[in-house]
Amino acid sequence: MDDTTRQKVEESPEERKRRIRRQRMIQERRRRRRRKALILRGILVLIFILILVGIGSAVSCGVKKYRQSAAGKKDSKKQETQVTEETVQMEAVDLKKVLHLSFESLIADTDQAFGQEDSSAAATLDQTRVTVDEFNAMLGQLYEEGYMLVRFSDLAAVNEDGAMEAKKLMLPSGKKPLLLSETNVNYDLERQASDGSTVTGAFDVVPCVEAFIQEHPDFSNNGARGILGLTGYNGILGYRTDDALATSTDNRYAAKYGVFDTAAEKEAAAPVIEALKSAGWEFACNGYDGTNYGSDEEAVSADLTKWNESVGTLVGNTTILLFPSGTDSRGWKAYDESDPVYQILKKQGFLYYGSMDISGTKTQLTEQYLRCSYMNVDGYRMYQDLYKDAG
């Protein structure tokens, strides 16, 4: 007989009632636990479902907002493009509208220039040069008036048939073409700091223009800069590169400054030349020593030979001639093919010619060349402009 059967036989009626009551209570507890478990499971499932619905809604809302944002950005970009297209409209520019301004090296130390004991030299500098501050002010004025630096080759170039022809120069609407040149860029020995010191800074045309373009990039068309007219008698760019400066014979500076190691000077000038070319500056022939190119062909030929030997060997060939002292060989008449001076210039490879004209810039285009006269800007010209209306 097992224990359960023995317990049922031996228990009294009262014990049996208590046992049944306990069993029922246990069963009731189990049912309640199961109910709670089911309710809790239902709640958890409901919460999980709500979480999924929330995430889905958030994702859907995020996607919708992203699509709206993307569409908005696309529309905004489209509007910006339209605005840009409307703002930067290009138009063709007539080469006859070009302005050509030319300067000599600038005066950095006004006290030394105008306060020197030699009053005649001070007066000459006052009439023939402008100061750094005056030049910078002019750049600002030119920019405000809509001028933009261009190259000679932007205006005209040799076509496939070997003839010069006007190019279609496109500039932003309202912009005007500007040629800017500097003549006799040698920084001669007579113009140095009074105490002999070396000072670095934006004290001449090149660094002043570079600083201005850094601040106003739209002052330059496709990287155009200016034209540097080089002479040879005193070297170039501040370097004593002319071989005549290596001896005391026919060297007007030898007594005061001695002789120079021109080979070392040439070596030092080489990286400067390349840096200027890389920056967009162009070199022009400005004659060797100021010989008047309106003179006979022998003098012109001799001067060009010296320039080629002294300067051309350093900077390479150039197609630009800025006439020495601004004097054209034959006034403003078209060059005659039979003219021996013009034949010398043509043989040299010149395609672009610049000469001084105080009345303003004039252009002359033929199948052989482009001439573009310049206004020399100096103290005398500034004085005239300032007091032209004075009684």
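Residues numbered from 1 in each chain as written. Predicted model: local features only at pLDDT ≥ 70, side-chain atom pairs only at ≥ 80, totals over all residues. Heavy atoms only, no water.

A. Spatial organisation of the overall build of the protein chain. Helices and strands together make up the secondary structure of the protein chain, namely 12 helices and 14 strands. The burial tally for the protein chain puts 36% of its 391 residues in the buried class. For the protein chain, the accessible area works out to roughly 23,300 Å², and carbon and sulfur atoms hold 51% of it. (Helix = DSSP H or I, 4+ residues; strand = E, 2+ residues; numbered from the N terminus. Buried < 20%, exposed > 50% of the residue type's maximum accessible area, 1.4 Å probe, protein only. Areas by Shrake-Rupley, 256 points an atom, 1.4 Å probe, with all protein chains shown as cover.)

B. Examining helix 11 (residues 340-348) more closely. Restricting attention to buried positions, one finds in helix 11 the residues V341, Y342, I344 and L345. The buried residues of helix 11 occupy one face: seen down the axis, they fall within an arc of 155 degrees. Of the surrounding elements, those touching the buried residues of helix 11 are helix 10 (297-315), strand 10 (320-322) and strand 11 (352-354). Following helix 11 by one or two positions, G349 has its phi on the positive side, about 100 degrees. (Arc of directions from axis to C-beta. Contact = heavy atoms within 4.5 Å.)

C. Region of interest: the confidence of the model for the protein chain. Across the protein chain, pLDDT averages 82, with 74% of residues at or above 70. Across residues 40-53 the pLDDT falls below 50, and counting only partners more than four positions away or on other chains, this stretch makes 0 contacts in the model. Counted against residues more than four places away or in other chains, residues 55-64, with its pLDDT under 50, gives 0 contacts. (pLDDT = per-residue confidence, 0-100.)

D. Quick peek at the pattern of salt bridges. Counted by the stated rule, this structure contains 7 salt bridges. The closest approach of N and O atoms between K175 and D218, which form a salt bridge, is 3.9 Å. Taken as a pair, K175 in the loop between strand 6 (169-172) and strand 7 (176-182) and D218 in the loop between helix 7 (205-215) and strand 8 (227-230) lie far apart in primary sequence, 43 residues in all. Classification of K175 as buried rests on a relative accessible area of 16%. Measuring nitrogen to oxygen at the nearest pair gives 3.3 Å for the salt bridge that ties E337 to K346. Under the relative-accessibility criterion, E337 is labelled partly exposed at 35%. On the basis of relative accessible area, K346 is assigned to the partly exposed category, the value being 32%. (Salt bridge = Lys/Arg side-chain N within 4 Å of Asp/Glu carboxyl O.)

E. Highlighting the packing of helix 10 against helix 11. Two elements in contact, helix 10 and helix 11, have axes separated by 9 Å at closest approach and are oriented at 20 degrees. Between helix 10 and helix 11, the angle falls in the class roughly parallel. Both helix 10 and helix 11 take part in a crossing whose hand is right-handed. Within the contact between the two elements, helix 10 uses E297, V300, S301, L304 and N308 and helix 11 uses P340, V341, I344, L345 and Q348. (Axes fitted to C-alpha atoms, helices over the stretch in contact; angles between N-to-C directions. Parallel < 35°, antiparallel > 145°, perpendicular 65-115°, else oblique. Left-handed = near helix turned anticlockwise from the far one by under 90°.)

F. Up close: the packing of helix 5 (residues 132-144) against helix 7. Across the interface, helix 5 lies against helix 7 with an axial gap of 11 Å and an inter-helix angle of 40 degrees. Comparing the axis directions of helix 5 and helix 7 gives the class oblique. Crossing geometry of helix 5 relative to helix 7 is assigned as right-handed. Of helix 7, the residues touching helix 5 (which contributes V132, F135, N136, L139, G140 and Y143) are V205, C208, V209 and F212.

G. Broad picture of the pairing of strand 8. Covered by surrounding structure in strand 8 are I227 and G229 together with L228 and L230, the residues of both alternating faces. The sheet contact formed by strand 7 and strand 8 spans 2 bridges and is parallel. Within the sheet, the bridge partner assigned to E182 lies in strand 8 and is L228. Direction of pairing for strand 8 relative to strand 9 (residues 282-285): parallel, over a ladder of 4 bridges. The partner of L230 across the bridge, within strand 9, is C285. (Pairing = 2+ DSSP bridges.)

H. The side chain of D303, seen in detail. Its place among the elements puts D303 in helix 10. We note that D303 is buried and unpaired, the nearest opposite charge coming from K306 at a distance of 6.6 Å. A polar contact is formed between the side chain of D303 and the side chain of T291, at a distance of 3.3 Å. (Lys, Arg positive; Asp, Glu negative; His and termini not counted. Polar contact = N/O pair within 3.5 Å; in protein donor to acceptor, adjacent residues only side chain to side chain.)

I. A look at the environment of M164. Tracing the sequence through the fold places M164 in strand 5 (residues 164-166). Along the backbone, M164 and E367 are 203 residues apart, and their C-alpha atoms lie at a distance of 4.4 Å. Beyond its immediate chain neighbours, meaning those up to four positions away, M164 contacts A156, A157, V158, L351, Y352, L365, T366, E367, Q368, Y369 and L370.

J. Examining the packing of aromatic side chains more closely. Overall, the coordinates contain 14 aromatic pairs when judged by the stated rule. Between F323 and Y353 the ring centres are 6.0 Å apart and the planes differ by 25 degrees, which places this aromatic pair in the stacked class. With F323 in the loop between strand 10 and helix 11 and Y353 in strand 11, the pair connects residues that are 30 residues apart, well separated along the chain. The exposure class assigned to F323 is buried, which follows from its relative accessible area of 0%. By relative accessible area, Y353 is classed as buried at 1%. Through pairs of rings, three or more aromatic residues link up here, namely Y293, F323, Y335, Y342, F350, Y353 and Y369. Note that R371 overlies the ring of Y335, its terminal NZ or CZ placed 4.2 Å from the centroid. (Phe/Tyr/Trp six-rings, centres within 6.5 Å; stacked < 30°, edge-to-face > 60°. Lys NZ or Arg CZ within 6 Å of the ring centre and 35° of its normal.)

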